[in-house]
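The primary structure of each chain is shown beneath.
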Amino acid sequence: MTTHELDDPRMGNPAHWKPENLVGTMSIKELLFSNEYRHIALKGIFTALIMLALGGFFALVFRTELAVPDQQFLGAKVYMTLMTLHGMVMVFGFLIPVVVSICYYMLPRVLGTERLYWAPAAQWSYWILIVAAVLLVIGRPDFTWTAYAPMSFRTGNPFIWMGHLAIFLVAVSEFLAGAVLVRNAFSGKGGWKDKPLIAWATGTVGLLFMASTIPLGFIGLGLLGDGLGTTAFFDPSRGGSVKFFLYVFWTYGHPAVYLPFVPAIAIIYTIMPRFLGFPMWSYWSGVVAFILLALGAMPIGPHHFQPLYTVSGNYERFVQFLTLLVFIPSVLHVFNWIATLFMKPIPASARRAIPFKFMIFSIAFIVYGGATAFLNAQIAPDSDFIHNTYWIPAHFHAMFFGFVGQMAIAGFYYLYPYFTGRMYHQGMANAHFWLWQVGLFVKITAMGVAGYNYFPRWVYDYLDIPGWAIPQMFITMGGFLIGLGFLFFVVNLAWSAKYGKNSPDDPWPVVHDADTAPAAAPAE
Amino acid sequence: MENALGISGPQATLMAITASFTVLGMAMLLAAMLMKRRWKPSYAFEFGFIAIMIGLVFYADWSSVNTYSAYQADLNAEERRVSGEYVGEGEAAFDRVITVIAFQWGFAFINEEDEISRNAAVANPGEKVLFKIVSNDVIHGFNIPVARITAEIDPDEKREMWIRAPDEPGKYLIQCVNYCGVGHTQMKAWLVVQDNTEAADHGESTGENSNDNA
């Protein structure tokens, strides 16, 4: 077994295992309750992929509804329920669990501990999230993932309390996951100056998980109590305050976007050196960026509701300034990745590896969607065409799907030979890859155009105003391309687990010569 | 079309900056993937880049606050507002004052003659119109695309917003941009700019538009 010479000790151990058919040999009992780190991680990853399928299916249904104006096959109630479940399932069910699970898989090996500390907490985190998902599907809330009070307990749905309880359970689950991430970041040999970047990522984001889910838990319980009439935190008609809700909610709501974002960054820092065969351009640039991102996350929540109050006061200006500054840690990361790619020739083996391709394009999407953050942060343009128009979904689909989702898929393809013992099918993986890149680009660009034309979020039908119908049609087409790509992905992972080529001892060898580089794996 | 915020100028600059970031990032990524020449950038390069970024942060903050403060200064001129409460003596500065009630789900526009319209706010071309907005149930949004301005209304608070009505007579969209319940989609109304050179109603009629005070 050979791995690459990664001369920098701060890289930790390579994220490398002996390829074996782990999924094939796992018993049901192990799958459900084993505390072995790879079992927990695989359970999390596969559950998250089911959530991705579910959330994507919801999206395709309501995208079809939106493709043309004035045509209805979904009512407002059904549409909004699907929209709410799409948001919640994707963020709480797919994005956060999948990147956290990939970190569970990689951390113990990179840090050399070979065990997930506090694994029972990870286990509880998983099962509590399952309960929350079941509650959401039964309760069918239609209050969008932000659950703004007092709207979210005045929906006329008798089971709406299940949605509120689910929010509380999500908070508990994420708190536990954060604790596990922090504990494991502090495990392993060596001082803090020798920790690999994935440990810095999970340490900082784990603290952010724990700090930010406390307000979310309070929001869940508060909405539950207000909805049942026992408390009145957020209901203005009974003496509560909407302002209070907004400040508490967005103290979680903004860090919530970093909870999947930072582990996805950690995946890049872990697998990029493996494909290139040399360490990152700068270690400390990455460390500083992780710390700054964690520090900046919580105070800037109020930028999500700028147009609600008089917005040129000193506090609002402070929030705007911090929001603009929080751009910088992300720029540090992107700079670091591109500088690393520049350093030495990129191996021919990397260029053909599907995880590497996904990684490069997710960097492209972080640039594409992230640059608009500079505009979104400012009060004046935000009060113009940005706030709650499709400009915002364009921004966060580029970041959440274009970057985080695609990095999760990159991590999945990377780990695939390690837990199945076989390589994926290169042709199907390429089809998946290109369908997603084209679909995502079309969808995100069309969303941005619709947003620039003031297309409002959360509508199930719209007027045939110039500049509205055509982008909507393009978004729907992009969505279906992504759906088709997902089918290739599912077929590939099922087919290859049984019929794929056997993985060599090192599925990701660094080979520079284009003629001898393996397409997916060397023929035995 | 002249806009109320008057932010076209700075906004175009900022959008150009944003676009150039995107192009720069994409170009660097492409170059890193495709160029033959290899190069280890010095750390000073990153510090320089970040220094430019910090400069842009200051510029963006300055530009945004100036733009929005200029808009609000107009609203707050002559101490018309005292700690967020509208006191009324400055309405003369506006050609028209319209009270807006946002509710689940729709808008009610009440003009100075206490006439109510459920779907239209009527103004003459080029008028300065003040909207005094309240919500009686949940958080609603109030967005007039042609005026390039958005506000949201907390049920506990009053909001004021002013626009300069377009010079071109016609119907312009007013919409809610904050999800306010299952009927959010239908929260649409029209800003009707009537042709005040003609006495009778002009062009598109607006259904129950009763306040034709030409």
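This is a predicted model, so every value here is computed, not measured.

A. Quick peek at the overall build of chain A. Check the secondary structure of chain A and you find 18 helices and zero strands. Its C-alpha atoms give chain A a radius of gyration of 22 Å, near enough to 24 Å, the size a compact globule of 524 residues would have. Projected onto its principal axes, the C-alpha positions of chain A cover 70 × 50 × 45 Å. Expressed as a percentage of the 524 residues in chain A, the buried residues total 62%.

B. Quick look at the overall build of chain B. Within chain B, the regular secondary structure consists of two helices and 12 strands. When the elements of chain B are put in sequence order from the N terminus, they spell out α-α-β-β-β-β-β-β-β-β-β-β-β-β. Looking at chain B residue by residue over its 214 residues, the buried ones come to 38%. Across chain B, every contact between residues at least 6 apart in sequence was considered, and the portion connecting residues at least 24 apart equals 67%.

C. Representation of the domain arrangement of chain B in the model. What the domain assignment lists for chain B is domain 1 (8-79) and domain 2 (87-193). On a C-alpha basis, the centroid separation for the pair domain 1 of chain B and domain 2 of chain B is 34 Å.

D. Looking closely at the interface of chain A and chain B. Opposite the 66 residues of chain A that make contact, chain B presents 58 residues. The set of elements that each furnish at least two residues to the side of chain A that touches chain B consists of α4 (76-110), α8 (242-276), α10 (314-325), α11 (327-343), α13 (354-370), α14 (373-376) and α15 (379-386) of chain A. In terms of residue class, the side of chain A that touches chain B is built from 43 nonpolar, 14 polar and nine charged.

E. Just the sheet that holds strand β3 (residues 96-103) of chain B, in detail. Overall, mixed pairing links the five strands, which are arranged β5-β4-β3-β7-β10 (chain B) in an open sheet. Each edge of the open sheet is held by one strand with a lone partner, namely β5 (116-117) and β10 (159-164) of chain B.

F. Summary view of helix α5 (residues 119-139) of chain A. All names here are of chain A. Relative to the 30 Å expected for 21 residues at 1.5 Å per residue, α5 spans 30 Å between its end C-alpha atoms, a close match to the ideal helical length. All of the buried residues in α5 are Ala119, Ala122, Gln123, Ser125, Tyr126, Ile128, Leu129, Ala132, Ala133, Leu135, Leu136 and Gly139. The elements touched by buried residues of α5 are α3 (37-66), α4 and α6 (160-185). The first or second residue beyond α5 is arginine 140, which carries a positive phi of 45°.

G. Up close: the confidence of the model for chain A. Across chain A, the average pLDDT comes to 92, with 96% of residues at or above 70. Residue range residues 1-6 of chain A is modelled with pLDDT below 50. Its contacts to residues more than four positions away, or to other chains, number 15 contacts.

H. Looking closely at the confidence of the model for chain B. Residues and elements named next belong to chain B. Residues at a pLDDT of 70 or more form 79% of chain B, whose mean pLDDT is 82. Here strand β1 (residues 81-82) stands out as the least confident element of chain B, with mean pLDDT 44; strand β4 (residues 106-110) is the most confident, with 95. Contacts from residues 81-87, a stretch scored under 50 in pLDDT, to residues over four places away or in other chains number eight contacts. Between residues 199-214, whose pLDDT stays under 50, and residues either more than four places distant or in other chains, the model counts 32 contacts.

I. Structural context of the pairing of β3 of chain B. All names here are of chain B. With seven bridges joining them, β3 and strand β7 (residues 128-135) adopt parallel strand pairing. Residue pairing for β7: isoleucine 98 is matched across the bridge by phenylalanine 131. Where β3 meets β4, five bridges bridge the pair, whose relative direction is antiparallel. Each bridged residue has a counterpart across the sheet, and for phenylalanine 103 the counterpart in β4 is glycine 106. Where β3 hands over to β4, the hairpin turn is made up of two residues, counted between the paired strands.

Rules of the game
- Residues numbered from 1 in each chain as written.
- Chains lettered and ligands numbered in written order.
- Predicted model: local features only at pLDDT ≥ 70, side-chain atom pairs only at ≥ 80, totals over all residues.
- Helix = DSSP H or I, 4+ residues; strand = E, 2+ residues; numbered from the N terminus.
- Rg over C-alpha atoms; globule rule 2.2 N^0.38 Å.
- Buried ≥ 20, exposed ≤ 12 C-beta atoms within 10 Å, placed from the backbone.
- Contact = placed C-beta atoms within 7 Å.
- Domains from an automatic or database assignment.
- Nonpolar A, V, L, I, M, F, W, Y, C, P; charged D, E, K, R; others polar.
- Pairing = 2+ DSSP bridges.
- Expected span 1.5 Å × (residues − 1).
- pLDDT = per-residue confidence, 0-100.

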